Amino acid sequence: MIFAWDELRQLHEKHMGLARESLCQRLQTYQDVSGERVVVVFDGKKGEAAGPTQPGEIQVLYSKRGGSADQILERLACKYAPEHDLTVASRDRAVLDMVSSFGANAISAKGLADLLESAEKRFRGEMGNYLR
């Protein structure tokens, strides 16, 4: 998603970590509003491993050195889509086709952007009602 969205791509050019953090914050808001479990997968960086997550936080995974986030998405879809309602977002059409073949719902980068924007509007509305 980072390279599919202009604002994240520009942020990545300056500081990769901030681009990842910004995406994770948006995904966290989506999880909080929707109640759906969110897992984000990044291409690995120097063998980086996912840190421990706190209850209620999104899960962040990194591919191993030499592997790709797309491979992890495909394995997760193969394993979990037959028994769970699973949605995979990617800018790669081949990945979306593959996860669909396993029974996962597949959405584009634009589809995810729209979904997150809708959740963020809902969140702002709920906060506005709470603060009144």
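Everything discussed here concerns the structure shown above.
Residue numbers here run from 1 along each chain, matching the order of that chain's written sequence. Local features in this predicted model are restricted to residues whose pLDDT is 70 or higher, and side-chain atom pairs enter the listing and the counts only when it is 80 or higher, whereas totals over whole chains, interfaces and linings include all residues. To obtain the side-chain values, all non-hydrogen atoms of the structure were used and water was disregarded.

*Asks:* Explanation requested: the overall build of the protein in the structure shown.
*Replies:* Within the protein, the secondary structure is distributed over five helices and four strands. Tracing the protein from N to C terminus, the helices and strands come up as α-α-β-β-α-β-α-β-α. Against the globule reference of 14 Å for 132 residues, the protein gives a C-alpha radius of gyration of 15 Å, in line with a compact fold. Its C-alpha atoms give the protein principal-axis dimensions of roughly 50 × 40 × 30 Å. Here's how the labels work: a residue is buried when its accessible area is under 20% of the maximum for its type, exposed when over 50%, partly exposed in between, all with a 1.4 Å probe on protein chains only. The 132 residues of the protein split such that 30% are buried. Of the contacts formed within the protein by residues at least 6 apart in sequence, a portion of 35% connects residues at least 24 apart. For the protein, the exposed area adds up to about 8600 Å²; of that, 51% sits on carbon and sulfur atoms. Just so you know, the count uses Lys and Arg for positive and Asp and Glu for negative, and it drops His and the chain ends. For this purpose, a charge sits on NZ of Lys, CZ of Arg, CG of Asp or CD of Glu. Separation of charge centres in the protein, based on 18 positive and 19 negative side chains, amounts to 4 Å. Secondary structure elements are defined from DSSP: runs of H or I of at least 4 residues count as helices, runs of E of at least 2 residues count as strands, and each element is numbered from the N terminus. For the radius of gyration, the atoms used are the C-alpha atoms, and the globule rule reads 2.2 Å times the number of residues raised to 0.38. We call two residues in contact whenever any of their non-hydrogen atoms come within 4.5 Å of each other. The protein chains shown are the only cover counted for residues, whose accessible areas, like all others here, come from Shrake-Rupley with a 1.4 Å probe.

*Asks:* Just checking my understanding: could you explain the environment of glutamine 28 for this structure?
*Replies:* Within the secondary structure, glutamine 28 sits in helix 2 (residues 16-34). Given the relative accessible area of 18%, glutamine 28 is considered buried. It is 9.4 Å that separates the C-alpha atoms of glutamine 28 and glutamine 59, two residues lying 31 residues apart in sequence. In this structure, glutamine 28 is in contact with Gly56, Glu57 and Ile58, ignoring residues within four places of it in sequence.

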